[in-house]
Structures are given as structure tokens and as C-alpha cells.
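# Understanding the architecture of this molecule
Chain residues, written in single-letter form:
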Amino acid sequence: MSDEQLPELRASDADRERVVERLRDAVAEGRLDMSEFEERMEAAYTSRTYAELEPLTRDLPASAGVRPPVSLGKEVEGDDWPARIGGEATSSGAVAVMSGFQRAGRWTVPKRFNAFAFWGGGEIDLREARFADREVVINCIAIMGGVHVIVPPGVEVQVRGFGFMGGFDQSASGEPGDPGAPRVIVTGFAFWGGVGTERKERKKRKLSKEERSHIKGADHPKEL
């Protein structure tokens, strides 16, 4: 499909939602003020084609813009992988000593993320994450504790850790990744503890009352 055909394609609800999520990030980064955000959000929810959506994020960095779904023999599970690779890491590691930690939601995974759990546990959820590089390493040290890594479908996982009276779960490894998807390497050491990996679908975010009203208004425009 040529770029010339792209503007004429009809946008889906998922396309509109991706643009709104990028606009939210831009507000958090200080690139847009609230009035600009509200104006663009309303335009996104009322857009019908890619040509109408594309200008809304054109001046924002770290965004691959709006794209139609790409079929390469296997669907990308609703994820635009190239758009989720790149950017500055938001967290380089996490520690749980007789306590717990969680990394989840919208965050950027560094090239190497170090997790340490001693008499405690931690969760590293990558379903909504961006990835600083095409290949990232999650190094887990679990001593009488545990670390749980959650990845979305389509991501390649390789588990290379070593356990002594402990173990590394291989449940999420062994599946080939989607075209353009990142590779996650889980490594480290477990002593009287364990490191688990699991695949889960991405969470469906609930729309706010304001966003639902915008969608309803777009579906049922007022007659003049």
C-alpha cells in the first residue's frame, strides 16, 4: 500500500485512541498545555480518516504517527511495535528488601534493567511499556524472594538465568516474536527464590466520562 493511499483510509477507534494516548504523553512532558490538548483530543475523536489524524501529532517527537494495521503474515496484536521502540529510559532498576516493587503502566525499559529481591517480591509489567532498544536485558537477582516478568503477546523472550535451590520459569520463552517487536532477555541468579515469566494481553484502559461523551458526540453529530 503506497503512502498516497494512506490519507484516504478510514481510521478505527484504536487509531484514534493511540493518538489521544500520545497527546496525553505530550501534556505530561510539557509539550502541550491543557487547552491545546483538549482541542486536539476533540479533533482526534471526531476524525474519520488518517489524513485528519496525522497532523495532530506531526509536531510531537518520539512518535511514529498514525499508521494503518500492517499484515505481514501475522497480526501484530494491535501493537505498533516500531512506535514503541526508542526513547530515554524512565527507570534503570528496582529493589525489594523485605518489601515489594512494581514497574507497570506507561514507562520506558532501558537496555539493561536490574531487579533485586531479598525476602520480598517484584513485578515488571511490559504490556504498556516502551523499549529503549530493540533488545533489552532484564537482570534479576532473587534471594529468598521472587521477581515476576509480564510480557505482551508478540514479544520474543529468552530466559538465561541460573537457579541454585531456586529457578527461572521458561513459560514465556520459545515463541518467535512479531516482525519489528522487541526481544526481552531475562537473566540473573535465583537462590531459594524464583524468577517467573508470563504472557498476558494488554489491559484495556477505561475511557473517562469526558472521552465517552466526545465519542458519543462524534457518533451522533448534532444537526444544524
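On the basis of which strands lie adjacent, the open sheet formed by 5 strands has the order β2-β5-β8-β13-β11 and parallel pairing. Single-partner strands in this sheet number two, and they are β2 (100-103) and β11 (167-168). Sheet topology note: the β11/strand β13 (residues 194-199) ladder contains 2 bridges and is parallel. Note on β13: the bridge partner recorded for Phe168 is Val195.

It is worth spelling out a negative patch on the surface at this point. Taken together, the side chains of Asp33, Glu36, Glu39 and Glu42 present a region of like negative charge at the surface. Looking at the element boundaries, Glu39 is found in helix α2 (residues 34-46). The exposed category is assigned to Glu39, whose relative accessible area is 59%.

As enumerated under the stated definition, the model contains 9 salt bridges in all. Salt-bridge contacts for Arg106 lead to Asp25; the nearest nitrogen and oxygen are separated by 2.8 Å. Of this pair, Arg106 sits in the loop between β2 and β3 (108-109) while Asp25 sits in helix α1 (residues 13-28), and the two are 81 residues apart along the sequence. Classification of Arg106 as partly exposed rests on a relative accessible area of 48%.

One finds Ile124, Leu126, Ile138, Val147, Val184 and Val186 to be the most contacted residues of the largest nonpolar core, which totals 30 residues. Those elements giving two or more residues to this core turn out to be β1 (93-97), β4 (112-118), β7 (135-143), β8 (146-151), β9 (156-159) and β12 (183-191). Broken down by element, this core gets its largest block of residues, 4 residues, from β7. When sequence neighbours within four positions are dropped, the list of residues in contact with Ile124 reads Phe101, Arg103, Trp107, Phe113, Ala115, Ile138, Val147, His148, Val149 and Ile150. One finds Leu23, Ala44, Tyr45 and Leu56 within the second-largest nonpolar core, a separate group that totals 13 residues.

Relative to strand β5 (residues 121-125), β2 runs parallel, the two sharing 4 bridges. What sits directly across from Phe101, in β5, is Gly122. Of the pairings in the sheet, the one linking β5 to β8 comprises 5 bridges and is parallel in character. Note on β8: the bridge partner recorded for Ile124 is Val149.

Within the structure shown, the criterion is met by 5 aromatic pairs. Arranged with centres 5.7 Å apart and planes meeting at 5 degrees, the rings of Phe118 and Trp119 form a pair that is stacked. A residue is classified by how much of its surface remains accessible, and Phe118, at 28% relative accessible area, is partly exposed. Centroid distance Phe191 to Trp192: 5.6 Å. Interplanar angle 5 degrees. Geometry classified as stacked. Given a relative accessible area of 49%, Trp192 falls into the partly exposed group. Ring-pair connections join several aromatic residues into one group, and the members of that group are Phe164, Phe191 and Trp192.

This brings us to α2. Given a rise of 1.5 Å per residue, 13 residues ought to cover 18 Å, and the 18 Å separating the end C-alpha atoms of α2 matches this to within 8%. Of the residues making up α2, those classed as buried are Phe37, Arg40, Met41, Ala44 and Tyr45. The buried residues of α2 occupy one face: seen down the axis, they fall within an arc of 135 degrees.

Conventions and cut-offs
- Residues numbered from 1 in each chain as written.
- Predicted model: local features only at pLDDT ≥ 70, side-chain atom pairs only at ≥ 80, totals over all residues.
- Heavy atoms only, no water.
- Pairing = 2+ DSSP bridges.
- Helix = DSSP H or I, 4+ residues; strand = E, 2+ residues; numbered from the N terminus.
- Patch = residues over 30% accessible without salt bridge, like charges linked within 9 Å, V, L, I, M, F, W, Y side chains within 5 Å.
- Areas by Shrake-Rupley, 256 points an atom, 1.4 Å probe, with all protein chains shown as cover.
- Salt bridge = Lys/Arg side-chain N within 4 Å of Asp/Glu carboxyl O.
- Lys, Arg positive; Asp, Glu negative; His and termini not counted.
- Charge placed at Lys NZ, Arg CZ, Asp CG, Glu CD.
- Buried < 20%, exposed > 50% of the residue type's maximum accessible area, 1.4 Å probe, protein only.
- Core = buried A, V, L, I, M, F, W, Y, C linked by side-chain atoms within 4.5 Å.
- Contact = heavy atoms within 4.5 Å.
- Phe/Tyr/Trp six-rings, centres within 6.5 Å; stacked < 30°, edge-to-face > 60°.
- Expected span 1.5 Å × (residues − 1).
- Arc of directions from axis to C-beta.

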